[in-house]
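One letter stands for each residue in the lines below.
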Amino acid sequence: MARVIVVTSGKGGVGKTTTSAAIAMGLAKRGHKTAVIDFDVGLRNLDLIMGCERRVVYDFVNVINEEATLNQALIRDKNCNLLYILPASQTRDKEALSQEGVGRVLDELKKDFKYIVCDSPAGIEKGAHLAMYFADDAFVVTNPEVSSVRDSDRILGLLSSKSRRAEQNEEPINEFLLLTRYSPERVKLGEMLSVDDVQDILSLHLLGVIPESKSVLNASNSGTPVILDEKSDAGQAYEDVVARYLGEERPHRFIEDKKGFFRNLFGGN
């Protein structure tokens, strides 16, 4: 049975597209045929992070409008044969998406894919609503700062009330918390909320903590999902997220201040 995952947040710039690319790649590398869809019509960033921008001929809106088949628009990832990208249109606006059209495309994808990852635009406008409407699972991405967490709380209200599952009285969407750009050092200085602070506010199952890392920017600039950088903290953290989502138990890393840990270990002040 195919699962539709929405990667969402209330605030822009928290790392949704980076997360969508990493999660989709992680699932595909583990042997699951996966599609990742860019719902951010008009901006189109996912294909840049996936390194396939030059191969875009047809897009999501072309498929919805039946100007191209799904097979024509899907782009096979250059790093993994089980991963496909459905890019957004840069020349249309978000009104080009329709609930009927999105549902039709997802139903077609479900026939052939195990996981469908929907990279949602920020906020609560039409593209974001449609990205979450058909979801089975939601990865709520937030930074450890008050405005980001507050906006994520608003998204939780929409997930519980404006999804297809809610309308049809089905089991609610499974909601998971993904905390990005986390710095234990800055938490210690009082410049960021702690993991416990965020969980107290949102009361979500913590799927992973992604540390602040230059490797995320380096990966984006090179058109490679950061999860493929196995030596980086961020890459390892996303690998842990995928493993936990698939049911493995893994301890949470990158939450402790490493410098403080070693100081305490060796009796420093």
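Scroll up for the structure.
Keep in mind the model is a prediction, meaning the values are calculated, not measured. (Residues numbered from 1 in each chain as written. Predicted model: local features only at pLDDT ≥ 70, side-chain atom pairs only at ≥ 80, totals over all residues. Heavy atoms only, no water.)

Participant: Mind laying out the overall build of the chain, listing which residues take part and the relevant values?
Facilitator: Scanning the chain for helices and strands turns up 13 helices and 8 strands. Whereas a compact globule of 269 residues would reach a radius of gyration of roughly 18 Å, the chain reaches 18 Å, a difference of no more than 12%. Once the C-alpha set of the chain is aligned to its principal axes, its extents read approximately 65 × 40 × 35 Å. Going through the 269 residues of the chain one by one, you find that 53% of them count as buried. A separation threshold of at least 6 residues defines the contact pool for the chain, and within that pool the share at least 24 residues apart is 74%. Only carbon and sulfur atoms are counted for the fraction: they give 47% of the accessible area of the chain, which is about 12500 Å². (Helix = DSSP H or I, 4+ residues; strand = E, 2+ residues; numbered from the N terminus. Rg over C-alpha atoms; globule rule 2.2 N^0.38 Å. Buried < 20%, exposed > 50% of the residue type's maximum accessible area, 1.4 Å probe, protein only. Contact = heavy atoms within 4.5 Å. Areas by Shrake-Rupley, 256 points an atom, 1.4 Å probe, with all protein chains shown as cover.)

Participant: An account of the nonpolar core is needed here, citing residue identities and associated values.
Facilitator: Grouped together as the largest cluster of nonpolar side chains are 49 residues, with contacts concentrated most on Phe39, Phe60, Leu86, Leu97, Val102, Leu109 and Leu159. With 5 residues, the top contributor of residues to this core is helix α7 (residues 146–161). Ignoring anything within four residues of it in the chain, the contact list for Leu109 reads Ala35, Ile37, Leu70, Leu74 and Ile116. Counting 38 residues, the second-largest nonpolar core is a separate cluster that includes Ala22, Tyr115, Ala234 and Phe254. (Core = buried A, V, L, I, M, F, W, Y, C linked by side-chain atoms within 4.5 Å.)

Participant: Residue-level account of helix α10 (residues 195–202), with values.
Facilitator: Every buried residue of α10 is accounted for by Val195, Val198 and Leu202. For α10, the arc enclosing every buried residue in end-on projection is 70 degrees, short of the 170-degree limit, so these residues lie on one face. Opposite its buried face, α10 presents the exposed residues Asp196 and Asp200, each directed more than 90 degrees away. Contact partners of the buried residues in α10: β6 (137–142), α7, β7 (174–182) and β8 (205–211). Looking one or two residues past α10, Ser203 carries a phi angle of roughly 50 degrees, positive in sign. (Arc of directions from axis to C-beta.)

Participant: Residue-level account of the sheet that holds β7, with values.
Facilitator: Taken in spatial order, the 8 strands make up an open sheet running β3-β4-β2-β5-β1-β6-β7-β8, and their pairing is mixed. Whereas interior strands pair on both sides, the edge strands pair on one side only; in this sheet they are β3 (75–76) and β8. Seen against the sheet, helix α1 (residues 16–29) touches β1 (3–8), β2 (34–38), β4 (83–86), β5 (115–119), β6 and β7 and runs at an angle of roughly 170 degrees to β5. Across the sheet, helix α5 (residues 99–110) lies against β1, β2, β4 and β5, angled at about 150 degrees from β5, the strand it touches most. (Pairing = 2+ DSSP bridges. Axes fitted to C-alpha atoms, helices over the stretch in contact; angles between N-to-C directions.)

Participant: Could you give me a rundown of the pattern of salt bridges, with the residues and numbers involved?
Facilitator: Scanning all chains against the criterion turns up 13 salt bridges. Arg30 serves as the salt-bridge partner of Glu248, at 2.8 Å between the closest nitrogen and oxygen. Here Arg30 lies in the loop between α1 and β2 and Glu248 lies in the loop between α12 (233–245) and α13 (258–265), a separation of 218 residues in the sequence. Of the charged contacts, one joins Arg253 and Asp240 as a salt bridge, the two residues approaching to 2.9 Å between their closest N and O atoms. (Salt bridge = Lys/Arg side-chain N within 4 Å of Asp/Glu carboxyl O.)

Participant: Could you give me a rundown of the packing of aromatic side chains, with the residues and numbers involved?
Facilitator: Summed over all chains, the structure comprises 7 aromatic pairs. On the basis of an interplanar angle of 75 degrees and a centroid distance of 5.1 Å, the ring pair of Phe39 and Phe60 is categorised as edge-to-face. With Phe39 in the loop between β2 and α2 (46–49) and Phe60 in helix α3 (residues 60–64), this pair connects stretches of sequence that are 21 residues apart. When sorted by exposure, Phe39 lands in the same class as Phe60, which is buried. Here the aromatic rings of Phe176 and Tyr245 are separated by 6.0 Å at their centres, their planes lie at 85 degrees, and the arrangement is edge-to-face. With Phe176 in strand β7 and Tyr245 in helix α12, the pair connects residues that are 69 residues apart, well separated along the chain. (Phe/Tyr/Trp six-rings, centres within 6.5 Å; stacked < 30°, edge-to-face > 60°.)

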